[in-house]
Amino acid sequence: MELRNKKIIVTGSAQGIGASTVRAYVAAGAQVAAMDVDTDKGEAALAGLDGPGSAFFIRCNVGDRAEVDTAFDAAVKRLGGLDVLAHVAGVHRHAATHDVPDETLAWLFNVNVNGTIYTNGAAYRHMPQGGSIINFGSESGLTAEINNAVYGASKAAVHAWTRSVAREWGKQGIRLNAVLPYMVTPMYERFREALSDEDLAAHDKATAEQIPLGGKFGNADTDLAPVMVFLAGDGSRFITGQLLPVDGGLISVR
Ligand SMILES: NC(=O)c1ccc[n+]([C@@H]2O[C@H](COP(=O)([O-])OP(=O)(O)OC[C@H]3O[C@@H](n4cnc5c(N)ncnc54)[C@H](O)[C@@H]3O)[C@@H](O)[C@H]2O)c1
């Protein structure tokens, strides 16, 4: 019950890491407003949660500033305040870098970059007593990857934002950290499906060689959710402005 009565918003709650985070927060006693652009999956992901905390769903496209402000106002009214934002929502698509389609560029930056700035700003306005914001970066924002530079650039922007804003908002007692995950989720399954047989074999070989803890991507419930609880809770009260890989040791951040 590490998060007993904490009031928390989780974005990207319909599947993958976001859904796992909601389950962990409810199990730790929190009151959770779960948000996603996909209403059907978002509602379904909350079915069967049995406390001791609780969760309700609000549809929210994080790339739409007006929708974010409205959804956050409604969530905070129902929660009675806001202690934590776990901003998990994000999107991925490979793109050939010599001719990036405008639609791909706009979509990746709108959801990943604007979405971070909109949700973090809305959370700030509802955290007069301080709080914890957990953003989602990526190893792709720190390293070089073929056909993945646009996504990587969008996540590098999340890293820079998180580090800079942590210095500013720390004065108000608001902590910002970014998790850099390596987890099996629907996004990762789609990532694999987009690779050729040759590239997939190379990816699996590199994963086996480069992840010292087990040689494969992690499980969001067992390998990441406890970290999400820690970052939301008071135990991490002196940690801010950090990029935290939860990736079995794949990368070390400086
Ligand atoms: N899975 C990994 O290994 C990995 C690696 C690096 C970074 N990440 C990052 O972790 C986060 C979670 O990834 P995941 O693997 O769980 O992804 P996922 O695709 O499985 O789930 C993402 C969720 O975000 C929601 N979403 C997408 N666009 C949205 C929008 N505009 N507004 C609100 N919700 C929206 C989707 O509907 C979905 O429910 C993302 O930010 C992703 O970039 C994941």
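Reading the values: the criteria
Residues numbered from 1 in each chain as written. Predicted model: local features only at pLDDT ≥ 70, side-chain atom pairs only at ≥ 80, totals over all residues. Heavy atoms only, no water. Pairing = 2+ DSSP bridges. Helix = DSSP H or I, 4+ residues; strand = E, 2+ residues; numbered from the N terminus. Axes fitted to C-alpha atoms, helices over the stretch in contact; angles between N-to-C directions. Contact = heavy atoms within 4.5 Å. Buried < 20%, exposed > 50% of the residue type's maximum accessible area, 1.4 Å probe, protein only. Polar contact = N/O pair within 3.5 Å; in protein donor to acceptor, adjacent residues only side chain to side chain.

With parallel pairing, the seven strands of this open sheet are ordered in space as E3-E2-E1-E4-E5-E6-E7. The strands lining the two open edges of the sheet, one partner per strand, are strand E3 (54–59) and strand E7 (243–246). Direction aside, the axes of adjacent strands within the sheet are offset by 20 degrees on average. For strand E2 (residues 31–36) and E3, the ladder comprises six bridges, and the chain directions are parallel. Directly across from Ala 33, in E3, lies its bridge partner Phe 56. The sheet strands contacting helix H1 (residues 16–27) are strand E1 (7–11), E2, E3, strand E4 (84–87), strand E5 (131–136) and strand E6 (174–181), and the helix crosses E1 at an angle near 165 degrees. Of the strands in this sheet, E5, E6 and E7 are in contact with helix H5 (residues 149–169), which crosses E6 at around 160 degrees.

Locating Ser 132 in the fold gives a position in strand E5. A relative accessible area of 3% means that Ser 132 is categorised as buried. Within polar-contact distance, the side chain of Ser 132 engages the backbone oxygen of Leu 231 at 2.8 Å. Not counting the four nearest positions on each side in its chain, Ser 132 is found in contact with Asp 83, Val 84, Leu 85, Met 127, Arg 175, Leu 231 and Ala 232.

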